[in-house]
Each structure stands twice: as C-alpha cells, then as structure tokens.
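# Observations on the model geometry
What follows is the residue order along each chain.
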Amino acid sequence: MKMRTLVISAIAISLSPLQITLAASDAENYCRQRYLNPQLEQSSPTRLSLKSRPSPQAEMTLQMAPAATPPAPRMAAKPAMPSRGAVMGDADAMAPPPPPPSMNRDDYPESDPNPIKRTAEHPVSTFSADVDTASYAVVRRHLQQMERLPPADAVRPEELINAFDYDYPAPDALGDAFKPAVALFPTPWNPDHQLLRIGIQAYEVSEAERPPANLVFLLDVSGSMTAMDKLPLAKTAICMLTHELKSDDRIAMVVYAGAAGVVLEPTPAKEKSKILDAMDKLQAGGATAGGQGIELAYGLAEAHFQKNAANRIILATDGDFNVGIANPRHLTDYVARKRDTGIFLTVLGFGMGNYQDDTMQALAQNGNGVAAYIDGMEEIHRVLVRGLTASIITVAKDVKFQIEFNPARIAEYRLIGYETRMLKREDFDNDRVDAGDVGSGHQVTALYELAMTGGDGLAMQPLRYANRETAPADPKDELAFLRIRFKAPDGDTSQLIERPILPSDSLEKLSEAPEDARFATAVAWFAQALKNDPRVESDWRAIADLANGALGEDPWFERAEFVELVRDAARIDGRQ
C-alpha cells in the first residue's frame, strides 16, 4: 500500500497560528475527519485554509485553530481501488450497507433495452447526448457494498460507458466543432454482427481559462438524509469541492427540510472557515420541502447572477421530495422553465434505501444539468476534484446525434443504451428541443450493434409485401451518415457537424480496434448482462478478459476497478 508522506516545509513560532505546508491530498483527510471520523474530538486543533491547486502535487496551508464542531461518525466498508490522491483502506471508506430489502424504497426509471430496428423501415436514429455517471456508481455500490446484483432499471449502459475517459481528438478551441472518432469492428457477443463506436471529446478549459464559479449549494437536510452515507457524506463532498475552488469563486448555501432557507449568502471561496462553519450547523430532520428549496435556490442564483461566470446550482439529495412542489412532473416543468436563465444544474445523489433516482434523472435532464451518484470518497474525487471543471463548466449545450443508416449495407441496428434519451427524428433540426449538455473535457460515446445486409444473424425476416428492390452494395457506398448538432453555452442557434461512415472505418478483427473502443465494448457488454438483455450472454470471464486487455495507462485505476466489478458480479451471480 502506498502511504502519503507528510512534509513540513516551514514552521513559524509566534503568537499567530502555526503554518504548515502539506500535500494537497490531505484536504481529503481533513474533510473526512471533520465530517466522517469519530476519532476526532471537539477539541481537535485542526482547521484548514487551502490554496487552489492545479495538480495533485500542489500544496495547501494548514492553520492550527480550534475546530468548530465535533465530526460525524466514520463510515466503514469495502475499500475501492486506489487512486492518485487517495489510498486504499481508510481514505476510500464508503457507506455502510443500506436498510434491509423490506425497507428499500429505491426508485429507478423503468426502461427496456432499445429494440432492433430494420433499416429499410426506420433508417434514422436520433438521441440526446448523456454525460451522467450516476448509474455506474449505483452499480458499483450494489456490487461492492451490498453484495448483490443491481436492479435492471438501475443500469443505464450509456452512463457506465461514459464513466470512463477515452482518447478522442478534441476541438482546438472553445466553440470549435467536435471531431467524431468512428470505428466499426466485430461484436464479441455475436460474431455475425458488427459494432459501430462513435465518440466525441469536448474542449477542455484550462485552469487559467476557467471563468469564475458562482455556485449555490442546495442541501437536503430532511429526516431521510440522516444516514452516514447521506448528509455527512454530502458535507464531505462539498468540503472537498470548496478546497478546489479559486479565491474569486463564490458560494451560497440553501437548505430544505420541512421548510427552506438560506444559511449562507454568496461568499468568496477564500473564506473557507465561514463556509464550513455554516455547513457544520446543519442537521438532518423533518419532512422534505424539496420543491420549495429548488425555488429558493433559483431565486438566490438569479438575484446574484454573474455575467461571464459559471452560474450553477448543485443539489445534494436522495431525491425524496414530499412537501411543496413534490410531483416529479411539476418539478421538472419548473426547472425546464429556468433553463433560459443561464443557470445550470448539477444533481448529486446520496444514500440507498430511499434513493429516488427517477426524480434525480428528471431534474438533471430538464435543468440543463448533469447527474452523479456519490457512493464514497473515490466518486467525490472523480466528480468534484479531478472532474471539477467538467462538473461546473458547460462548453456545449443541447448536443444531439442523428445517424442515417444505408439499407444497402446495413439491414438492422440497435443503439446500446440511451433509452431515456431518445428523440424524435424531427427533434434533431428543432433548436427549441432540449438535449444533453457537455462539460469541459467530457467525452460522449455511443455504440450501435449492426447486422449487415446479406449477412447472417438477422433478427427479423423481410416483410412479405415490402419493396424487395434494393440497390446493390458497392464497396464505395457509405455505411451510414452521422450528424451532430450542438450550441454554444450561451447560444440559441445550433451548429451542424456531418461525417460519412465508410468501409474504410471498418476493422476485420476486434483485436484491431482501438484500445478505448475495446474497453468501451467490455463495459457495454457488462451493462447489458446486468440488465438481463436477452441478446447477450452473461459471460463474466470473457467480459473481464476483454476489459483487462484494454486497460491502457489507467492512472486512477478506474479501469482496473471495473475489472474487479466484473469479477464481483461473477461471484455474486454464481451463488444466486
């Protein structure tokens, strides 16, 4: 196990607080101790004031002063894979098992896998981009901590696929068009079919380019948030995010339980003690006036809106709204009407046993936002530390994909995942239709399973009375035609990207496919197996072998962790 090294670079003996320079990763230790560690007593002499850090090797300053409140109990669970800035064991402690199944009121959007489409009848496929990763963390928690396979509806294949980083060509500047990466190769679970991989990479805003962040934290402090994996973990996440912000970023805080209220007016991020002291006073209890809290958060964000800043609400909740605007449809209508204000929404889900994933997804999708599920320290790092800029800076709005397949070359197709993101064909060219938003550096990956014309493995027989005259396949014929639309973050008119998909994009063997494509294929196979898709076999060993052969550099051990999840699924499935 790799251990952190504590280096004291300067000690000043005076009446002023003792200044000690530490590795920036100790922000995690501090936040954990403040909100999760039962061993830290009220008289503990630690209080942090952190510098902004551009990299894991940057430094922070620790001031010695009395802590304001005793911390909450520590969570204990199976450790996650190690990552840079986090070690195995304590540093990756996660939540305890949720309530027994009889008490479980988790709710997930119902969705069946996308059907197979005959190209001659339905040549066009249209869907919205999705960069959410909540489903991957939910799946991980079920496998690692709950020791059971996740509910099928909790598995959204596109969110598992897009939880990982891929090496796609990026735009040269903010506002430039995407550069789609396309590959076609054999399908591992069906040798008669081909897989079409389409990937895009958003422009990554550098730390120097990043505009000021103007954030309103909206915290659910209702009685359903009492558990250690809910409000205490949410406080830890916000503490760590606060330490990543620049001094000129601003933070406000709204809470809701039986009623809603402002507990912190917009405050410069450099005033960390003031921000954390306000959060220390929060305790869970009461009903859940989530709708009222959302209204108050938007009102505060609008009153303190900053032009040329990243104006965003960050909601931390288990999604259980039962007071005020409680109907999910009414909530989504409200946030949808707020899209034009220029205020974006991030939804962070916490806890199990009462997790309302359906509401969380609806809010994120309708509020120009993204959704993530926080199951422990590793996901805090992924979403709010390493992924801070992507989480708060939107670089492309209303991103839509449309693929027209050539029936002379492709007989059948199906899109893997994106069931809750499907659009009508006419929605693609309508700039008034909302679609997914993409943050700085985000990637979007989509996979289609294809049955080629004249090949084996067709799922449907040709219609008896259909026109059987089909243009002969020519090696020079296009296989399909890809269109992508997107808007600038502050724009109302979309840009169009077009690219033919050609035989030259095809590869004869899966082993010839790019490493990223092979890994994404393994994740897609895994997700479909967990979803009990009848078109794939749950061959856990083959999935693990495919992923293990495409780990790449994997600096945060995320792909290695995925291989362990596949093995966990195999073990659990074997005893059921």
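Look above for the structure.
Everything in this summary refers to the structure shown in the same document. (Residues numbered from 1 in each chain as written. Predicted model: local features only at pLDDT ≥ 70, side-chain atom pairs only at ≥ 80, totals over all residues. Heavy atoms only, no water.)

Attention now goes to a negative patch on the surface. On the surface, a cluster of negative charge is made up of Asp107, Glu110, Asp112 and Asp358. Along the chain, the position of Asp358 falls in helix 8 (residues 357-366). Relative accessible area serves as the criterion here: at 33%, Asp358 is assigned to the partly exposed category. (Patch = residues over 30% accessible without salt bridge, like charges linked within 9 Å, V, L, I, M, F, W, Y side chains within 5 Å. Areas by Shrake-Rupley, 256 points an atom, 1.4 Å probe, with all protein chains shown as cover. Salt bridge = Lys/Arg side-chain N within 4 Å of Asp/Glu carboxyl O. Lys, Arg positive; Asp, Glu negative; His and termini not counted. Charge placed at Lys NZ, Arg CZ, Asp CG, Glu CD. Helix = DSSP H or I, 4+ residues; strand = E, 2+ residues; numbered from the N terminus. Buried < 20%, exposed > 50% of the residue type's maximum accessible area, 1.4 Å probe, protein only.)

For the rest of this paragraph, the subject is the packing of aromatic side chains. In total, this model carries 18 aromatic pairs according to the counting rule given. Between Tyr413 and Tyr448, the ring centres sit 6.1 Å apart and the planes meet at 65°, which makes this aromatic pair edge-to-face. Here Tyr413, found in strand 15 (residues 410-415), pairs with Tyr448, found in strand 17 (residues 443-452); they are 35 residues apart in sequence, far enough to count as distant. Comparing Tyr413 with Tyr448, the two get one shared label, buried. Judged by centre distance (5.2 Å) and plane angle (90°), the rings of Phe526 and Phe562 are edge-to-face. One end of the pair, Phe526, is in helix 11 (residues 515-530); the other, Phe562, is in helix 13 (residues 558-574), and 36 residues separate them in sequence. When its relative accessible area of 0% is taken as the criterion, Phe526 is described as buried. Taking the relative accessible area as the measure of exposure, Phe562 reaches 0% and is therefore buried. Three or more aromatic residues joined by ring pairs form one cluster here, namely Phe127, Phe401, Phe405, Tyr413, Tyr418 and Tyr448. A cation over a ring is seen here: Arg382 above Phe164, with NZ or CZ 6.0 Å from the ring centre. (Phe/Tyr/Trp six-rings, centres within 6.5 Å; stacked < 30°, edge-to-face > 60°. Lys NZ or Arg CZ within 6 Å of the ring centre and 35° of its normal.)

What follows covers the sheet that holds strand 17. Within the open sheet, the 5 strands sit side by side as 4-15-17-7-6. Their pairing is antiparallel. In this open sheet, the two edge strands, each paired with only one partner strand, are strand 4 (117-118) and strand 6 (181-187). Alignment of strand 6 against strand 7 (residues 190-201), held across 7 bridges, turns out to be antiparallel. Note that in strand 7 the partner of Ala181 across the bridge is Gly199. (Pairing = 2+ DSSP bridges.)

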